Amino acid sequence: MKLFLLMISLSISTALYAQEISSHYKIYDVKKQKNISVDDIIADMAMADVLFFGEDHNDSIGHYLETEIFKKLSTAYPNKTALSLEMFHTDVQPEVDEYLAGLISEKNFIKEGRAWGNYKDYKPLIEYAKANNIKVIAANAATRYSNAVTMGGLKVLENFPKTSFSFLPPAPIDTAQGRYYEKFIETMGGHGMGSMKIYQTQNLWDATMAWSINKFLKSNKGIKVLQLNGRFHSDEKLGTVAKLLKANPKVKILNISSFSDTGFALPDWNKFKTLGDYIIITDPAVKRSY
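Attention in this report is confined to the structure presented alongside it. This one's a predicted model, so the numbers in the text were calculated from it and none came from an experiment.

1. Topic: the pairing of strand 5 (residues 136-140)
Of all five residues that make up strand 5, five are buried, and the element is covered over most of its length. The sheet contact formed by strand 4 (residues 81-89) and strand 5 spans four bridges and is parallel. Along strand 5, the bridge assignment pairs Ser84 with Ile137.

2. Observations concerning the nonpolar core
Counting 44 residues, the largest nonpolar core has Phe88, Ile126 and Leu226 as its most contacted members. The leading source of residues in this core is helix 3 (residues 60-76), at six residues. With near-sequence residues (within four places) excluded, Leu226 lies in contact with Leu51, Phe53, Glu66, Ile69, Phe70, Leu73, Ala82, Leu83 and Ser84.

3. Focus: unusual backbone geometry
The omega angle of the peptide bond from Ala171 to Pro172 is -5°, so this bond is cis rather than trans. Inspection of the secondary structure puts Pro172 in the loop between helix 7 (143-152) and helix 8 (179-188). In the Ramachandran plot, Gln33 falls in the positive-phi region, its phi being about 55° despite a non-glycine side chain. Looking at the secondary structure, you find Gln33 in the loop between strand 1 (25-29) and strand 2 (34-36). Among the residues examined, Gln33 registers a relative accessible area of 60% and is labelled exposed.

4. Quick word on the packing of helix 3 against helix 6 (residues 123-131)
Look at helix 3 against helix 6: their axes get within 9 Å of each other, and the N-to-C directions meet at 20°. What the angle tells us is that helix 3 and helix 6 run roughly parallel. As for the relative orientation of helix 3 and helix 6, their crossing is right-handed in sense. On helix 6, the residues that touch Glu66, Thr67, Phe70, Lys71, Ser74 and Thr75 of helix 3 are Pro124, Leu125, Tyr128 and Ala129. Among the residues making up the contact of helix 3 with helix 6, the classes are represented as five nonpolar, three polar and two charged.

5. A look at the sheet that holds strand 8 (residues 278-282)
Reading across from one edge, 2-1-8-7-3-6-4-5 is the order of the eight strands in this open sheet, with mixed pairing throughout. Each edge of the open sheet carries a strand with a single partner, namely strand 2 and strand 5. The sheet shows a mean angle of 25° between the axes of neighbouring strands, taken without regard to direction. In this sheet, strand 6 (residues 224-230) lies alongside strand 3 (residues 50-55) in parallel orientation, the contact comprising six bridges. Looking at the pairing, Phe52 lines up with Gln227 of strand 6. Packed onto the sheet, helix 4 (residues 93-100) meets strand 4 and strand 5 and runs at close to 160° relative to strand 5.

6. Details of the packing of aromatic side chains
Within this structure, the stated rule accounts for 14 aromatic pairs. Between Phe88 and Tyr119, the ring centres sit 6.3 Å apart and the planes meet at 85°, which makes this aromatic pair edge-to-face. Taken as a pair, Phe88 in strand 4 and Tyr119 in the loop between helix 5 (106-112) and helix 6 lie far apart in primary sequence, 31 residues in all. What links up through ring pairs into an aromatic cluster is the set Tyr180, Tyr181, Phe184, Tyr199 and Phe232. Lying over the aromatic face of Tyr99, Lys130 brings its terminal NZ or CZ to 4.0 Å of the ring centre.

7. Looking at the environment of Met45
With respect to the element layout, Met45 can be found in the loop between helix 2 (38-44) and strand 3. Dropping the residues within four chain positions of it, Met45 is found in contact with Val50, Leu51, Leu73, Tyr77, Lys224 and Leu254.

What counts and how
- Residues numbered from 1 in each chain as written.
- Predicted model: local features only at pLDDT ≥ 70, side-chain atom pairs only at ≥ 80, totals over all residues.
- Heavy atoms only, no water.
- Buried < 20%, exposed > 50% of the residue type's maximum accessible area, 1.4 Å probe, protein only.
- Helix = DSSP H or I, 4+ residues; strand = E, 2+ residues; numbered from the N terminus.
- Pairing = 2+ DSSP bridges.
- Core = buried A, V, L, I, M, F, W, Y, C linked by side-chain atoms within 4.5 Å.
- Contact = heavy atoms within 4.5 Å.
- Axes fitted to C-alpha atoms, helices over the stretch in contact; angles between N-to-C directions.
- Parallel < 35°, antiparallel > 145°, perpendicular 65-115°, else oblique.
- Left-handed = near helix turned anticlockwise from the far one by under 90°.
- Nonpolar A, V, L, I, M, F, W, Y, C, P; charged D, E, K, R; others polar.
- Phe/Tyr/Trp six-rings, centres within 6.5 Å; stacked < 30°, edge-to-face > 60°.
- Lys NZ or Arg CZ within 6 Å of the ring centre and 35° of its normal.

So this is what it looks like as structure tokens:
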């Protein structure tokens, strides 16, 4: 009886929290030019393979929505959903799989899986995947490869042994030009050899995540993938999205750009319409994750 009452209490608390938090975000469908709900995005995924969620890493409302979308996606498409994360590297896929299978402790998983410092923000996703037997893709390039490229450019990867390419996309890795490069230079504050090598590192991340997702899709037909990454990687369908489409032109992609904005009370949606299929604006008054 006590357990039943506790479960009822938790259910009510969760519902009240969801109701309270719903006033701190707004979702806009760029194509339909109207505000929508999470359920509308889930319905649209009937015709798509991959949903990119471009986040601000310290946005607590965004992290809440990631978990909400993941749960609803797996419920709508049972046994046909997977999670892909920028936040874990390809070389720790065994640790991810071992934790999901209940074979190693959370402590070992966090340490040996090299979880991000704000792992608490992604823990609900991992735990939901674990409880529901959902695959999780450790999608990003390991820091050692990123650091090598930042120091020596993409050509340095040619010096790595063949065994390293179990965790890396096939060469050559293209360095995107055009709008993506322009955005990167704007963010970096100008041109320079140092910034060019960092840009090549950015392209390594994009290529590795695209390769990880595409490899998974080829081996798991009909599975819908929710990919989480910093929004620079997927805004305007550039970066990782562009590299995935280049690798697999037939893949159907929807993307979300989610961020806090001072115009939350009265958003100028037209200002953000190029960023994605869906724009999520969160309330800047809500405390950030870290």
